[in-house]
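These are the residues of each chain, in order.
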Amino acid sequence: MSRTPQEVFADHSDRLGTGDLDLISQNYTEDAVFLTPEGTLTGREGARRGISALLADLPDADWQLTPQFAGDVLFLQWSATTDTHQVTDGVDTFVFRDGLISAQTVHYTLTPRTTRTV
């Protein structure tokens with residue numbers, strides 16, 4: 001059964017919450033292309049490695065997401081904060097095919113949070 005991009009994204013978000021990389025990677029096609037700031041990764045294993053790196057950068061993050069769908073493409077603006085770091089310019093683009101994610105481009109800048117005493 002084919003799923004809509006909205007259904008795939010909702011399922012993908014739920015799976016990200018589990019932290020189970022094997023489960024998360026099943027939302028990608030076998031020939032998926034995953035573009036990260038560090039380079040291009042391919043296939044489900046590539047998606048698994050890319051997501052693992054993102055989650056390692058932002059453990060226990062508080063995520064804020066703004067999705068915008070245009071047909072089979074999703075533009076996702078996001079930010080995240082942890083006790084020590086923040087992302088303020090996160091942008092992902094997802095391309096969906098046959099009820100799965102066939103391509104994802106990830107861009108973000110990770111900056112240390114500073115604490116100020118007043």
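This is a predicted model, so every value here is computed, not measured.

Student: Hey, could you go over the layout of surface pockets for me, with residue numbers and the actual values?
Tutor: As a volume, the largest pocket reaches approximately 400 Å³. Around the largest pocket, the lining is made up of 27 residues, and of these Leu 16, Leu 54, Trp 63, Asp 92 and Gln 104 lie nearest the centre. When contributions to the lining of the largest pocket are tallied by element, the ones reaching two or more residues are helix H1 (5-18), strand E1 (28-36), strand E2 (39-42), helix H3 (43-57), strand E3 (62-70), strand E4 (73-81), strand E5 (85-97) and strand E6 (100-107). At six residues, H3 tops the list of elements feeding residues into the lining of the largest pocket. Grouping the amino acids of the lining of the largest pocket by side-chain chemistry returns 17 nonpolar, seven polar and three charged.

Student: Pulling in residues and values, what's your account of H1?
Tutor: Taking 1.5 Å of rise per residue, 14 residues should cover 20 Å, and H1 covers 20 Å from first to last C-alpha, within 8% of that figure. Buried residues of H1: Pro 5, Val 8, Phe 9, His 12 and Arg 15, and no others. End-on view of H1: buried residues confined to an arc of 125 degrees, all on one side of the axis. The exposed set on the far side of H1, more than 90 degrees from its buried face, consists of Asp 14, Gly 17 and Thr 18. Two residues or fewer past H1, Gly 19 is found with a positive phi of approximately 75 degrees.

Calculation rules
Counting restarts for each chain, with residues numbered from 1 along the sequence as it is written. At least 70 in pLDDT is required for a residue's local features to be given in this predicted model, at least 80 for side-chain atom pairs to be given and counted, and no such filter applies to totals for whole chains, interfaces and linings, which use all residues. The side-chain values count all of the structure's non-hydrogen atoms but skip hydrogen atoms and water molecules. Throughout, the protein atoms alone are placed on a 1 Å grid, and a set of points is a cavity if a 1.4 Å probe fits but cannot get out or a pocket if it is open with protein on both sides within 12 Å along at least five of seven lines; lining residues have an atom within 4 Å of a point. Grid points are joined across faces, edges and corners, and a volume is the space filled by probe spheres set on the points. Strands are runs of DSSP state E lasting at least two residues, helices are runs of H or I lasting at least four, and both sets are numbered from the N terminus onward. Any residue outside Ala, Val, Leu, Ile, Met, Phe, Trp, Tyr, Cys, Pro, Asp, Glu, Lys and Arg is labelled polar, Gly included; the first ten of those are nonpolar and the last four are charged. Expected span of a helix, by definition, is 1.5 Å for each gap between consecutive residues, and there is one gap fewer than residues. Under the scheme applied here, a residue whose accessible area is under 20% of the maximum for its type counts as buried, over 50% as exposed, and between as partly exposed, the area being computed with a 1.4 Å probe on protein chains only. For this quantity, the arc is that covered by the directions from the helix axis to the C-beta atoms.

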